[in-house]
Amino acid sequence: MRMERFLTENARRLGGKTALVAGGRRLTYAELDALSDRLAAGLADAGVGRGDRVLIFMDNCWEAAVSIFAALKAGAAFSPVNPSTKAEKLAYIVGNCRPAAVVTQARLCGVAAQARTLAKAEAMAIVSAAAPGGACPAGAIPLPDLLEADASPPAHGGIDVDLGMLIYTSGSTGRPKGVMMTHRNMDAASESITGLLENREDDVILSVLPLSFNYGLYQLLMSVRLGATLVLEKSFAFPQAIFERMREEGATGFPLVPTMSAMVLQMRDLAPDHVPSLRYITNTAAALPPTHIAQLRELFPRARIYSMYGLTECKRCTCLPPEEIERRPGSVGIAIPNTEVFVVGEDGLPVPRGEVGELVVRGPLVMQGYWGNPEASAQMLRPGFNPWEKVLYTGDLFRADADGFLYFVSRKDDIIKTRGEKVAPKEVEAVLQAHPGIADAVVFGVPDPVLGHAIAAMVVALDPALTEREVVRHCAANLEDFMVPRSIEFRTELPKTDTGKVSRRLAAENVEPAE
Amino acid sequence: MTDTIKDNVRGFVVENFLFGDAAQAPADAESLIENGIMDSTGVLELVAFIEERFGIAMADSDIVPANLDTLDRIAAFVAARTASAAA
């Protein structure tokens, strides 16, 4: 089924029920449906048609949720982009998937316009939400106008094997790759996960995860599918305020990543059972350390904790049943419903339990490939059991215990996982190497109690006066927030292997771990 | 009093979150979170700074946007706490 149909059907069935709470605004199912209908018509007028792409370059505002469904209703695929993305990278994405439109917000409109110029994509429409004062930036189509127009979405004729979403993920080559997901992929993934979590129509899910991150995005897709309520917040910077919101809204579900539970661990005086309505907590990106599990258990005694694992290329693939979490705290569990996973050796054949191999995923949630990149697609998607199917080689090394429960071991490549997001060292190195005062740089991850891994860099400076602060500032101006190195070490030369290749592994072994 | 506190906090924000780039310093009433100046680990750093610099012990219930999301709010919070401690 096409994903927007879950919205239209629930609007018909549950019209007056709250679908979304974000930034002080509450939208019912009927309102979310009507607003996305109008915006779909507006996007169609702006040139968006069946098979096109629409970038959603926004933070967790209600307009972002409306825009996602509007793009689908216009027959297009949406592509959510992290709002801290800088113009050059956005220009790369624009050049890569040639979107017909970008929907953004006033403070990001300048970045979108700059990216359009850099990518020579003059035909791309820029639609912008209003600034807090009510004004829309000049040169952009005002989103409020499109939301007020009395218009119906076009009959685009799309079906569920059409592309629904393009979501960019870090690639080891340093260039992001657009993961192609059809409506059917998203339908399968959201069906599997909501079934696993025993989600219900009366669930109230509170999410602080960005909609540009597929774990955050799926909170919206799953909530709309269920006819449940999603409370969207922009950040977990103030955990106490988030727990108050959860209490006010009667939250039943709370998705988190280990960086968030590390912040909960640092809270000082939160009373246990502060959110008695909470039924479940989900975790993904990396297994929760036992200390986090114990703290979450104490604070939320009624909530089941689901430790999950997945990657953008298949959304989600394993989950640890909540009753196993004490017995196997480091495990990310077993395959989710309607999915199969295997640990295979170099020869592609399953390895015995206990041995390390690459995780392979099979099922209807596996992506269709990377946009415009058949080589990278062929690397990840390889022939499966049947002549018509492809299975996903994740690039993640795992081992299974005697009962088949899976444990993450490491990445096959150098990708760093920080704050639940993937970062390609090459992408950060390219930015460092572009600085006129830097001769060479190597980027790697160091274990960090809050971030999972923190990004660190070793730099050979051309300019002896160059400071760590200047280097970090340069990175912050050119990279998304989560990619900016936390520490810079100056060296006269970079660590090299015997064959003279700069080595990220040796660099990582050469630095002091974070406190 | 509040202005000195605010200058102090602005100095911290510029130094630690903007890596010394004073041109990017936020306006006094501008949200540090919504404008991407401070992230979640930044809040922890800000709390440590306030506690150390102004000798205030902060409870979880103090670490909320109403107290910490703009330079104005931080200055008002610190001023109120230091005044009540002195009284």
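What counts, and where the lines are drawn
Residues numbered from 1 in each chain as written. Chains lettered and ligands numbered in written order. Predicted model: local features only at pLDDT ≥ 70, side-chain atom pairs only at ≥ 80, totals over all residues. Helix = DSSP H or I, 4+ residues; strand = E, 2+ residues; numbered from the N terminus. Rg over C-alpha atoms; globule rule 2.2 N^0.38 Å. Contact = placed C-beta atoms within 7 Å. Axes fitted to C-alpha atoms, helices over the stretch in contact; angles between N-to-C directions. Parallel < 35°, antiparallel > 145°, perpendicular 65-115°, else oblique. Left-handed = near helix turned anticlockwise from the far one by under 90°. Nonpolar A, V, L, I, M, F, W, Y, C, P; charged D, E, K, R; others polar. Buried ≥ 20, exposed ≤ 12 C-beta atoms within 10 Å, placed from the backbone. Pairing = 2+ DSSP bridges. Right-handed = clockwise from strand over helix to strand, strands pointing away. pLDDT = per-residue confidence, 0-100. Expected span 1.5 Å × (residues − 1). Core = buried A, V, L, I, M, F, W, Y, C linked by C-beta atoms within 7 Å.

S.K.: Just checking my understanding: could you explain the overall build of chain B for this structure?
M.R.: On a plain count of helices and strands, chain B comes out with four helices and zero strands. Here the C-alpha radius of gyration of chain B, 12 Å, is about what a compact globule of 87 residues would show, namely 12 Å. For chain B, the C-alpha atoms occupy an extent of roughly 40 × 25 × 20 Å along the three principal directions. Within chain B, contacts between residues separated by at least 24 positions form 55% of all contacts whose residues are at least 6 apart in sequence.

S.K.: Just checking my understanding: could you explain the interface of chain A and chain B for this structure?
M.R.: Put simply, an interface is often sized by how much accessible area is lost when its parts join up. Chain A puts 21 residues into the contact, and the matching count from chain B is 19 residues. At four residues, helix H14 (residues 468-478) of chain A tops the list of elements feeding residues into the side of chain A that touches chain B.

S.K.: Explanation requested: the packing of helix H1 (residues 3-14) of chain A against helix H2 (residues 29-45) of chain A in the structure shown.
M.R.: For any two helices packed against each other, one specifies the inter-axial angle together with the distance between the axes. Residue and element names in this part refer to chain A. The N-to-C vectors of H1 and H2 enclose an angle of 140 degrees; their axes lie 8 Å apart at closest approach. Overall, the two elements H1 and H2 adopt an arrangement that is oblique. The two elements H1 and H2 cross, and the hand of that crossing is left-handed. Taking contact as the criterion, the partners of Leu 7, Thr 8, Asn 10, Ala 11 and Leu 14 in H1 are, on H2, Tyr 29, Ala 30, Leu 32, Asp 33 and Ser 36. For the contact of H1 with H2, the per-class residue count stands at six nonpolar, three polar and one charged.

S.K.: Just to check I follow, could you spell out the environment of Asp403(A) for this structure?
M.R.: Tracing the sequence through the fold places Asp403(A) in the loop between strand E21 (390-400) and strand E22 (406-411). Judged by the 11 C-beta atoms lying within 10 Å of it, Asp403(A) is exposed.

S.K.: Please clarify how unusual backbone geometry should be interpreted in this entry.
M.R.: Among all residues save glycine, negative phi is the norm, and among peptide bonds the norm is trans. Residue and element names in this part refer to chain A. At Glu 198, a residue that is not glycine, the phi angle is positive and equals roughly 55 degrees. Here Glu 198 shows up in the loop between helix H7 (183-196) and strand E10 (204-207). A positive phi angle, close to 60 degrees, is found at Asp 273, a residue other than glycine. With respect to the helices and strands, Asp 273 occurs in the loop between helix H10 (258-265) and strand E13 (280-283). Given 12 C-beta atoms within 10 Å, Asp 273 falls into the exposed group.

S.K.: Please clarify how the pairing of strand E4 (residues 77-80) of chain A should be interpreted in this entry.
M.R.: Successive residues of a regular strand alternate their side chains across the two faces of the sheet. Residues and elements named next belong to chain A. Neither face of E4 is left uncovered, since the one carrying Ala 77 and Ser 79 and the one carrying Phe 78 and Pro 80 both have all their residues buried. Note: strand E3 (residues 53-57) against E4, four bridges, orientation parallel. Directly across from Val 54, in E4, lies its bridge partner Phe 78. Taken together, E3, helix H3 (residues 62-73) and E4 constitute a β-α-β crossover, and its handedness is right-handed.

S.K.: Just to check I follow, could you spell out the environment of Arg200(A) for this structure?
M.R.: Residue and element names in this part refer to chain A. Mapped onto the fold, Arg 200 is located in the loop between H7 and E10. In this structure Arg 200 comes out as partly exposed when scored by C-beta crowding, with 13 C-beta atoms within 10 Å. Note: C-alpha distance between Arg 200 and Ser 223 (23 residues apart in sequence) is 9.1 Å.

S.K.: What am I meant to see in the confidence of the model for chain B here?
M.R.: Low-pLDDT portions of the prediction should not be read for the details of their coordinates. Taken as a whole, chain B shows an average pLDDT of 89; of its residues, 98% reach a score of 70 or greater. The ipTM assigned to the predicted complex is 0.83, against a pTM of 0.91.

S.K.: What is the right way to look at H2(A) in this model?
M.R.: Given 3.6 residues per turn, any residue in an α-helix points the same way as the ones three and four places further on. Residue and element names in this part refer to chain A. Between its terminal C-alpha atoms H2 stretches 24 Å, which fits the 24 Å expected from 17 residues at 1.5 Å a residue. Counting buried positions over the 17 residues of H2 gives 13, a clear majority of the element. Where H2 terminates, the next one or two residues include Gly 47, which has phi positive at roughly 110 degrees.

S.K.: Whenever I open this one, the nonpolar core confuses me. Can you help?
M.R.: For soluble globular proteins, nonpolar side chains are generally found buried alongside one another. Residue and element names in this part refer to chain A. One finds Leu 20, Leu 43, Val 54, Ile 56, Ala 71 and Ala 112 to be the most contacted residues of the largest nonpolar core, which totals 163 residues. In contact with Leu 43, not counting residues within four places along its chain, are Val 48, Val 54, Ala 70, Ala 71, Ala 74 and Ala 101. Core analysis: the second largest hydrophobic core is formed by 29 residues, Val 442, Ile 455, Ala 461 and Ala 507 among them.

S.K.: Got a minute to help me understand the environment of Pro364(A) in this structure?
M.R.: Mapping Pro364(A) onto the fold places it in the loop between strand E18 (357-362) and strand E19 (369-370). Those residues in contact with Pro364(A) that lie beyond four places of it in its chain are Arg184(A), Asn185(A), Ala188(A) and Asn338(A).

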